[in-house]
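Residues per chain, in single letters:
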Amino acid sequence: MFSDLVFGAVGNFQTGDFLFYIVSFVILMLIIKHYAWGPVTKMMSDRAEKIANDLDSAEDSRKKANVLATERQSQLDNSRQEASEIVNRAKDNGKKQHDDIVTGAQDEATTLKQNAIKDIEQERQEALSGVQSDVAELSIEIASKIIQKELNENDQKDLINSYIEGLVK
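Residues numbered from 1 in each chain as written. Predicted model: local features only at pLDDT ≥ 70, side-chain atom pairs only at ≥ 80, totals over all residues. Heavy atoms only, no water.

Moving on, we get to the pattern of salt bridges. The final tally for this structure, using the stated rule, is 5 salt bridges. A salt bridge links Lys95 to Asp99; the shortest N-O distance between them is 3.9 Å. Within this pair, Lys95 and its partner Asp99 are both found in helix α2 (residues 15–147), separated by 4 residues, close to a single helical turn. Residue class for Lys95 comes out exposed when judged on its relative accessible area of 53%. Between Arg124 and Glu121 there is a salt bridge whose closest N-O contact spans 3.1 Å. Within this pair, Arg124 and its partner Glu121 are both found in helix α2, separated by 3 residues, close to a single helical turn. Residue classification places Arg124 among the partly exposed residues on the basis of a relative accessible area of 39%. Residue class for Glu121 comes out partly exposed when judged on its relative accessible area of 36%. (Salt bridge = Lys/Arg side-chain N within 4 Å of Asp/Glu carboxyl O. Helix = DSSP H or I, 4+ residues; strand = E, 2+ residues; numbered from the N terminus. Buried < 20%, exposed > 50% of the residue type's maximum accessible area, 1.4 Å probe, protein only.)

What follows is about the UniProt feature "transmembrane region" (unreviewed entry) in the chain. UniProt feature "transmembrane region" (unreviewed entry): in the numbering of this structure it lies at residues 18–37. Segment residues 18–37 splits into 100% helix and 0% strand. End C-alpha atoms: 26 Å apart. (UniProt positions renumbered as here; feature names shortened; annotations may be inferred.)

In the structure shown here, the tally under the stated rule is 1 aromatic pair. Judged by centre distance (6.1 Å) and plane angle (55°), the rings of Phe20 and Tyr21 are tilted. As far as burial versus exposure is concerned, Phe20 and Tyr21 are alike and both exposed. (Phe/Tyr/Trp six-rings, centres within 6.5 Å; stacked < 30°, edge-to-face > 60°.)

The grouping of Phe18, Leu19, Ile22, Phe25, Val26, Leu28, Met29, Leu30 and Ile32 at the surface amounts to a nonpolar patch, some 810 Å² of accessible area in total. With respect to the helices, strands and loops of the structure, Ile32 is situated in helix α2. (Patch = residues over 30% accessible without salt bridge, like charges linked within 9 Å, V, L, I, M, F, W, Y side chains within 5 Å. Areas by Shrake-Rupley, 256 points an atom, 1.4 Å probe, with all protein chains shown as cover.)

The next subject is the confidence of the model for the chain. Mean pLDDT over the chain works out to 83, with 83% of the residues at or above the 70 mark. Here helix α1 (residues 2–6) stands out as the element of the chain with the lowest mean pLDDT, 48, in contrast to α2, whose mean of 88 is the highest. (pLDDT = per-residue confidence, 0-100.)

Laid out in structure tokens, this is it:
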């Protein structure tokens, strides 16, 4: 009667069939649990663990990339500063060499000028001496012809020297 109540709508359903279906269902569930559920849950937990590891790895990689970017930026700044210092040193060395060359050229020009002045003065003195002796001889010859007598050469030279000194002054 109980079975008629529970299974009344089905009609010719029997209790043995019902037990067979339940036992088959339980066995099927145990087989699924053993062969399918375990591997599926293991696969899902492995996948969750891999995703967590990938996220941790990505976070570590991001941190390392930030550290490397900071280091590279600092190295780039240092390189720029070193390049600036090298350029400044090169400019300073160039300026110093320029100044040395200009100073050397000015010193050389001054030396050449002083040597030229000395040479000119020496040539002038030589020319004056040569002119004095030429003038003295000429004067003696002229005076001899004019006076028709030969003057003492020393007296004539003294006379000419005093005349030339008057001209130089």
